[in-house]
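So the chains spell out like this:
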Amino acid sequence: MAESTSAQAAVEPASHGPVCLLILGMAGSGKTTFVQRLNAHLSQKSSTYLINIDPAVLHVPYQVGIDIRDTVNYKEVMAQYRLGPNGAILTCLNLFATKFDQVINLINSRRSSIEFVIVDTPGQIEAFTWSASGSIITEALAAQLPTVLVYVMDTPRSHSPVTFMSNMLYACSILYKTRLPFVVALNKTDIISADFAMEWMTNFEAFQEALHQERSYLSNLTRSMSLVLDSFYAGLRCAGVSAATGDGMPLFLSRVRDAVSEYYTDYVPMYEKLRTDAAATASKSSSVSQASNATTTSDLTSAQQKSDMFIGARPASYSEDSDDDGNNASASSCEGTNEQSELESFRRYVERLRLDKVNEGCSGDGDGPSD
Ligand SMILES: Nc1nc2c(ncn2[C@@H]2O[C@H](COP(=O)(O)OP(=O)(O)OP(=O)(O)O)[C@@H](O)[C@H]2O)c(=O)[nH]1
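Residues numbered from 1 in each chain as written. Predicted model: local features only at pLDDT ≥ 70, side-chain atom pairs only at ≥ 80, totals over all residues. Heavy atoms only, no water.

Within an unreviewed UniProt entry, the label attached to the protein reads GPN-loop GTPase, and the organism entered is Macrostomum lignano. Recorded under Subunit (unreviewed entry), the UniProt text for the protein is reproduced unchanged: "Binds to RNA polymerase II." We quote the UniProt Sequence similarities (unreviewed entry) comment for the protein here in full: "Belongs to the GPN-loop GTPase family." (UniProt positions renumbered as here; feature names shortened; annotations may be inferred.)

This is the structure:
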């Protein structure tokens, strides 16, 4: 599949289609078990299509439609690029992102026959949420399908106010980064009810009181942070669930329905505005000075910086001394031509995606650029 086609597919706005649930959460929060349970629940009445993008998972306990492990071999990536586990997950995601057009095409070919696409993500959440490839995957899905982020939280482990706050800050940062509709699944309610978390989100005094018991030096920081999360809580959809027993699934799905409405009322108009702004910027710059070269260069530079930052390539200012765990140092010491060409391919993909967005905005009628 040509890259231009992938970019073209990725920027078409969604109108109808299966609901895409992107399952995120800290390691061990229960994402995979939740996907399995959700699938069992949904497939009683609807058809589902499951995608695993965790390259390091050993066992996937559900029938998967697309599995990143069929495309990239995590252990080989570790060996070939001399990476540690986290660096290898990131690199696998980067390699997979360069082929994501094929995933989009596969989903599109099943568009009329599936109602839910469920995507299970790596436990190393930051590898997905703060990487260029994570952004590409998320944006490509959200441009095609009504997409909802599901943040799975380990409720028993969040019983400490400090852990709860850390989790919530993380959720908040993802929400504001992606701007996609968001549902928090407070998982493992078979161990402890999620009522305390619901109360902490709605009753500021209750959270302060819980914090009062906390002796940790982090409690002061947490107290300050809790002040700023009020507006985040106000619009947050939460549901207590148990992936183990299936408890709470009806409530969770009703939250998902609300989130899908928000996708159409908020995300799609915002997306359209971004397209319009991009088109305006492009036409302005071309009328000033045939500026495509300048635009290309600056976009390329920023795309390169972005991919350098996230895929462990060595930017000019990079120093091996700055590496704590040795992963990047190992990566940067690998000078194989394969690595270079993969990085180049990834950069070209990011760049093409950006340019196609601008070009498509210019055409105004949704026709994608030709290659
Ligand atoms: N009691 C209980 N245990 C659960 C529940 N959901 C998941 N678990 C357990 O939590 C552990 C982690 O579950 P996973 O589904 O592997 O979690 P994950 O988030 O996919 O893990 P990573 O892929 O490592 O990030 C497993 O031992 C599960 O059996 C639940 O609702 N209740």
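S.K.: Provide a residue-level description of the overall build of the protein, including the pertinent values.
M.R.: Secondary structure assignment for the protein yields 16 helices and 7 strands. Relative to its full complement of 371 residues, the protein shows a buried share of 50%. In the protein, once contacts between residues fewer than 6 apart in sequence are set aside, the share between residues at least 24 apart is 78%. As displayed, the protein offers around 17100 Å² of accessible surface, 52% of which is attributable to carbon and sulfur atoms. (Helix = DSSP H or I, 4+ residues; strand = E, 2+ residues; numbered from the N terminus. Buried < 20%, exposed > 50% of the residue type's maximum accessible area, 1.4 Å probe, protein only. Contact = heavy atoms within 4.5 Å. Areas by Shrake-Rupley, 256 points an atom, 1.4 Å probe, with all protein chains shown as cover.)

S.K.: Please set out the sheet that holds strand β6 (residues 182–187) residue by residue, giving values where relevant.
M.R.: Two pairing modes exist for strands in a sheet, parallel and antiparallel, and in both the strands are linked by backbone hydrogen bonds. Here we have 7 strands laid out as an open sheet, ordered β3-β2-β4-β1-β5-β6-β7, and parallel in their pairing. Looking at which strands have only one partner, the edges of the open sheet turn out to be β3 (66–67) and β7 (237–240). As defined by bridge partners, strand β2 (residues 48–52) adjoins strand β4 (residues 116–120) across 5 bridges and the pair is classed as parallel. Each bridged residue has a counterpart across the sheet, and for Leu50 the counterpart in β4 is Ile118. (Pairing = 2+ DSSP bridges.)

S.K.: Tell me what's going on with the site of the ligand, and back it up with residues and numbers.
M.R.: Looking at the ligand, there are 17 residues lining it, with Lys31, Thr32, Thr33, Asp190 and Ala243 nearest. Thr33 is positioned with one of its side-chain polar atoms (N or O) 2.5 Å from an oxygen atom of the ligand. One of the backbone N or O atoms of Ala243 is found 2.8 Å from an oxygen atom in the ligand. Isolated, the ligand exposes 640 Å² of accessible area, and the fraction of that covered by the protein chains is 66%. Classifying every residue of the shell around the ligand by side-chain character gives 5 nonpolar, 8 polar and 4 charged. Here the shell around the ligand spans two domains, since at least three of its residues come from each of domain 1 (16–145) and domain 2 (154–281). (Near = heavy atom within 4 Å. Polar contact = N/O pair within 3.5 Å; in protein donor to acceptor, adjacent residues only side chain to side chain. Nonpolar A, V, L, I, M, F, W, Y, C, P; charged D, E, K, R; others polar. Domains from an automatic or database assignment.)

S.K.: I'd like a rundown of the packing of helix α8 (residues 161–178) against helix α10 (residues 204–212), residues and numbers included.
M.R.: The description of two helices packed together rests on the angle between their axes and the distance between the axes. Close contact between α8 and α10 brings their axes to 9 Å; oriented N to C, the two are set at 130°. In terms of their interaxial angle, α8 and α10 are classed as oblique. Between α8 and α10, the contacting residues are Pro161, Val162, Phe164 and Met165 on the first element and Phe207, Ala210 and Leu211 on the second. Its residues assigned to classes, the contact of α8 with α10 shows 7 nonpolar, no polar and no charged. (Axes fitted to C-alpha atoms, helices over the stretch in contact; angles between N-to-C directions. Parallel < 35°, antiparallel > 145°, perpendicular 65-115°, else oblique.)

S.K.: Which residues make up the pattern of salt bridges, and what are the values?
M.R.: Inspection of the entire model under this criterion finds 5 salt bridges. Residues Arg69 and Asp67 are paired through a salt bridge, measuring 2.8 Å at the closest nitrogen-oxygen approach. We note a salt bridge from Lys273 to Asp277, for which the minimum N-O separation is 3.0 Å. Of this pair, Lys273 and Asp277 both sit in helix α13 (residues 249–289), separated by 4 residues, roughly a single helical turn. (Salt bridge = Lys/Arg side-chain N within 4 Å of Asp/Glu carboxyl O.)

S.K.: Residues and numbers for α8, please.
M.R.: Here α8 is 18 residues long and its end C-alpha atoms lie 26 Å apart, about the 26 Å a rise of 1.5 Å per residue gives. Among all positions in α8, only Pro161, Val162, Phe164, Met165, Asn167, Met168, Tyr170, Ala171, Cys172, Ile174 and Leu175 are buried. After α8 finishes, the residue Arg179 shows a positive phi value of roughly 60°. (Expected span 1.5 Å × (residues − 1).)

S.K.: Hey, could you go over the packing of aromatic side chains for me, with residue numbers and the actual values?
M.R.: Tallied over the entire structure, the rule returns 12 aromatic pairs. Taken together, a centroid distance of 5.1 Å and an interplanar angle of 90° make the contact between Phe34 and Phe252 edge-to-face. One end of the pair, Phe34, is in helix α2 (residues 31–42); the other, Phe252, is in helix α13, and 218 residues separate them in sequence. Plain terms: the ring middles of Trp200 and Phe207 are 5.4 Å apart, the flat faces sit at 75° to each other, and that makes the pair edge-to-face. Each member of the pair Trp200 and Phe207 is classed as buried. Counting every residue linked through ring pairs, the aromatic cluster contains Phe164, Phe196, Trp200, Phe207, Phe232 and Tyr233. (Phe/Tyr/Trp six-rings, centres within 6.5 Å; stacked < 30°, edge-to-face > 60°.)

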